[in-house]
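# Inside the fold
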Amino acid sequence: MLQGKRILLIVSGGIAAYKALELVRRLRERGAEVRAILTKGGAEFITPLSLSALTEDRVYSDLFSLTDEAEMGHIQLSRAADLLVVAPATADILAKMTAGIADDLATTALLATDKPVLVAPAMNVRMWQHAATQENIGRLRERGVHIVGPNKGPMACGEFGPGRMAEVMEIIAAIERRLGTAGALAGRKALVTSGPTHEPIDPVRYIANRSSGRQGHAIAEAFAAAGAETLLVSGPVSLDDPPGVRVIKVESAREMLEACLAALPVDVAVGAAAVADWRVAGVPTQKLKKKAELPELKLEENPDILAQIARHREARPRLVIGFAAETERVAEQGRAKRQRKGCDWILANDVSAESGTFGGADNEITLIDDSGAETWPRLSKHAVARRLVERVARHLASESKR
Ligand code: CTP
């Protein structure tokens, strides 16, 4: 969580500059305020307009612009931040930082600051390995500058080796470590189910539902960002694997159950999957053919994964959390579902067609625990995930004290 943290992001010139845009998005998603300085080189790769649209602020670039100085001088710009982040950091800007050169707004801000600085180097492998760069990096490190990456891999210039800028989520993790906001769940294990399940009718057809997996995936991502060792058991979705999360992909409810049981023990389990309640009995091994009479599908009940985890004799997680997808009387049905499934918390949400929850970006949650119900404002699914994870961290911490 970076709520209220102020980051001054300096984007210098390199092909990785486009990743700075994603970095801004991810930082703001976590509640950080981001101001950006774009160097002349950086502006060759991304436009001030795209950066400004994402920071929702003007982009600073000119050292001698009178309006810049009138609104916010370079000294104030660098001191009004909690952390300065240089991403990407070219060999050139690292050399200038080492030597104390201040010949543009970015380097002046870096020299004028009394705040911690984190750099994410990105450059050609030979430039990175050059003795000059290595010496500069060593000296910057001695001075307390934090360095994240570079990573090894194929490079835009066609070569292979260290020089690629660290991934956005690695930079975020480094920022959180530096600002002391990470790790509320370090050392804990989390299990999350997500997505729909597909229940076969025959080898080519299946029964499914409209779950996109966005909420479950966001929860897994938030657990990992808080430092938990996170396993996501996901039904078929068209989402990328969340960063820092181990993902097991399954199709049917029975496969999901098996993967979940094998993952125990964990500290916290969250059932966000829209598990199909029924499966087709006696699935044929061959495709059903059209005949004179219509085929009859006989259904049988699927195992209740959440209830099995919540009632596990040997390895019940300390906290079991379920969702209640309802289309009416949300809180009341949620309360009943909490009892029926034996879980600790239920996040009840309205999935009626008008709510736009299924497949949408937002969610409106009523959290039900043993002390009652609490309704959250309408939030993005990522914000719901972070709020939930914060609450889990507080709960586990207070339980450990008892
Ligand atoms: N769940 C589960 N296994 C199932 C069905 C549901 O683990 N076979 C979990 C879901 O992941 C969710 C919670 O149980 O966390 C409630 O899911 P929901 O679909 O709202 O409840 P159902 O048990 O299916 O009840 P109903 O459809 O009657 O409302």
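Every value quoted in this text rests on a predicted model; they were computed, and no experiment measured them.

Another aspect to go through is the side chain of His 217. Counting through the fold element by element, His 217 comes out in helix H10 (residues 214–225). Contacts of His 217, omitting those with residues within four sequence positions, involve Ser 194, Leu 232, Ser 234, Val 237, Leu 239, Asp 240 and Pro 242.

Right, let's talk about the layout of surface pockets for a bit. Computed from the structure, the largest pocket encloses a volume of approximately 1000 Å³. Along its surface, the largest pocket is lined by 45 residues, and Ala 273, Ala 274, Val 275, Asp 277 and Lys 341 are the ones closest to its centre. Contributions of two or more residues to the lining of the largest pocket are made by strand E9 (189–194), H10, strand E14 (268–271), strand E16 (299–301), helix H12 (305–310), strand E17 (319–326) and helix H13 (330–341). For the lining of the largest pocket, the leading source of residues is H12, giving four residues. Classifying every residue of the lining of the largest pocket gives 23 nonpolar, 14 polar and eight charged. Empty space within the second largest pocket amounts to approximately 630 Å³. For the lining of the second largest pocket, the elements supplying multiple residues, two or more each, are helix H1 (17–29), helix H9 (168–178), H10 and helix H14 (381–401). Residue contributions to the lining of the second largest pocket peak at five residues, all from H1. Counted by class, the lining of the second largest pocket contains seven nonpolar, three polar and eleven charged residues. When we break the lining of the second largest pocket down by domain, the ones giving at least three residues each are domain 1 (6–178) and domain 2 (189–401).

Across all of its chains, the model carries 30 salt bridges by this definition. Note that Glu 56 is salt-bridged to Arg 28, the shortest N-O span being 2.8 Å. Of this pair, Glu 56 sits in the loop between helix H2 (48–55) and strand E3 (59–60) while Arg 28 is found in helix H1, placing the two residues 28 residues apart along the sequence. A residue is classified by how much of its surface remains accessible, and Glu 56, at 63% relative accessible area, is exposed. By relative accessible area, which is 30% here, Arg 28 ends up partly exposed. Put simply, Lys 341 and Asp 304 hold a salt bridge, and the shortest N to O gap is 2.8 Å. You can see Lys 341 sitting in helix H13 and its partner Asp 304 sitting in the loop between E16 and H12, a full 37 residues away along the chain. The exposure class of Asp 304 is partly exposed, given its relative accessible area of 31%.

Before going further, it helps to examine a nonpolar patch on the surface. A grouping of Trp 278, Leu 288, Leu 297 and Leu 299 is seen on the molecular surface, where their side chains present a nonpolar patch of about 370 Å² in accessible area. With respect to the secondary-structure elements, Leu 288 resides in the loop between strand E15 (278–280) and E16. Judged by relative accessible area, Leu 288 falls into the partly exposed class, the value being 31%.

Attention now goes to the packing of aromatic side chains. Each pair of aromatic rings is reported with the distance of its centres and the angle of its planes. Using the criterion set out here, one finds zero aromatic pairs in the structure. For the cation-ring pair, Arg 58 lies above Tyr 60, with the distance from its terminal atom to the ring centre recorded as 4.9 Å. Sitting over the ring of Trp 345, Arg 391 keeps its end group 5.0 Å from the ring centre.

Time to look at the nonpolar core. Counting 34 residues, the largest nonpolar core has Leu 9, Leu 27, Leu 51, Ile 171 and Ile 175 as its most contacted members. At the level of elements, strand E1 (6–11), H1, strand E2 (33–38), strand E4 (83–89), strand E5 (117–121) and H9 are the ones that each hand at least two residues to this core. Ignoring any residue separated from it by four or fewer positions in sequence, one finds Ile 175 in contact with Leu 2, Ile 7, Leu 27, Leu 83, Val 85 and Leu 118. Counting residues in each nonpolar core, the second largest holds 33 residues, with Phe 223, Ala 272, Leu 319 and Ile 321 among its members.

Viewed as axis vectors pointing N to C, H1 and H9 meet at an angle of 50°, and their least axial separation amounts to 9 Å. By the criterion of interaxial angle, the relationship of H1 to H9 is oblique. Between H1 and H9 lies a crossing of right-handed hand. Contacts between H1 and H9 pair Lys 19, Glu 22, Leu 23, Arg 26 and Leu 27 from the former with Val 168, Met 169, Ile 171, Ile 172 and Ile 175 from the latter. The residue inventory of the contact of H1 with H9, partitioned by class, reads seven nonpolar, no polar and three charged.

Moving on to the domain arrangement of the chain. How big an interface is tends to be stated in terms of the accessible area lost upon association of its parts. The domain boundaries assigned to the chain delineate domain 1 (6–178) and domain 2 (189–401). Look at where the C-alpha atoms of domain 1 and domain 2 centre, and you get two points 39 Å apart. Both sides of the domain 1 and domain 2 interface together cover about 430 Å² of buried area, and 47% of this is carbon and sulfur. For domain 1, the biggest contributors to the area lost against domain 2 are Glu 29, Arg 30 and Met 169; these three give 78% of the whole. Our enumeration of links across domain 1 and domain 2 arrives at one salt bridge. The partner of Glu 221 in a salt bridge is Arg 30, and the shortest N-O contact between them spans 3.7 Å. Inspection of the domain 1/domain 2 interface yields one residue pair in polar contact (both at pLDDT 80 or more). Contributing elements (two or more residues each) for the side of domain 1 that touches domain 2: H1 and H9. A per-class count over the side of domain 1 that touches domain 2 returns one nonpolar, no polar and four charged.

About the criteria used
Residues numbered from 1 in each chain as written. Predicted model: local features only at pLDDT ≥ 70, side-chain atom pairs only at ≥ 80, totals over all residues. Heavy atoms only, no water. Helix = DSSP H or I, 4+ residues; strand = E, 2+ residues; numbered from the N terminus. Contact = heavy atoms within 4.5 Å. 1 Å grid on protein atoms, 1.4 Å probe; cavity = no way out; pocket = protein on both sides within 12 Å on 5 of 7 lines; lining within 4 Å. Points joined across faces, edges and corners; volume = space filled by probe spheres on them. Nonpolar A, V, L, I, M, F, W, Y, C, P; charged D, E, K, R; others polar. Domains from an automatic or database assignment. Salt bridge = Lys/Arg side-chain N within 4 Å of Asp/Glu carboxyl O. Buried < 20%, exposed > 50% of the residue type's maximum accessible area, 1.4 Å probe, protein only. Patch = residues over 30% accessible without salt bridge, like charges linked within 9 Å, V, L, I, M, F, W, Y side chains within 5 Å. Areas by Shrake-Rupley, 256 points an atom, 1.4 Å probe, with all protein chains shown as cover. Phe/Tyr/Trp six-rings, centres within 6.5 Å; stacked < 30°, edge-to-face > 60°. Lys NZ or Arg CZ within 6 Å of the ring centre and 35° of its normal. Core = buried A, V, L, I, M, F, W, Y, C linked by side-chain atoms within 4.5 Å. Axes fitted to C-alpha atoms, helices over the stretch in contact; angles between N-to-C directions. Parallel < 35°, antiparallel > 145°, perpendicular 65-115°, else oblique. Left-handed = near helix turned anticlockwise from the far one by under 90°. Buried area = accessible area lost by both parts, 1.4 Å probe. Polar contact = N/O pair within 3.5 Å; in protein donor to acceptor, adjacent residues only side chain to side chain.

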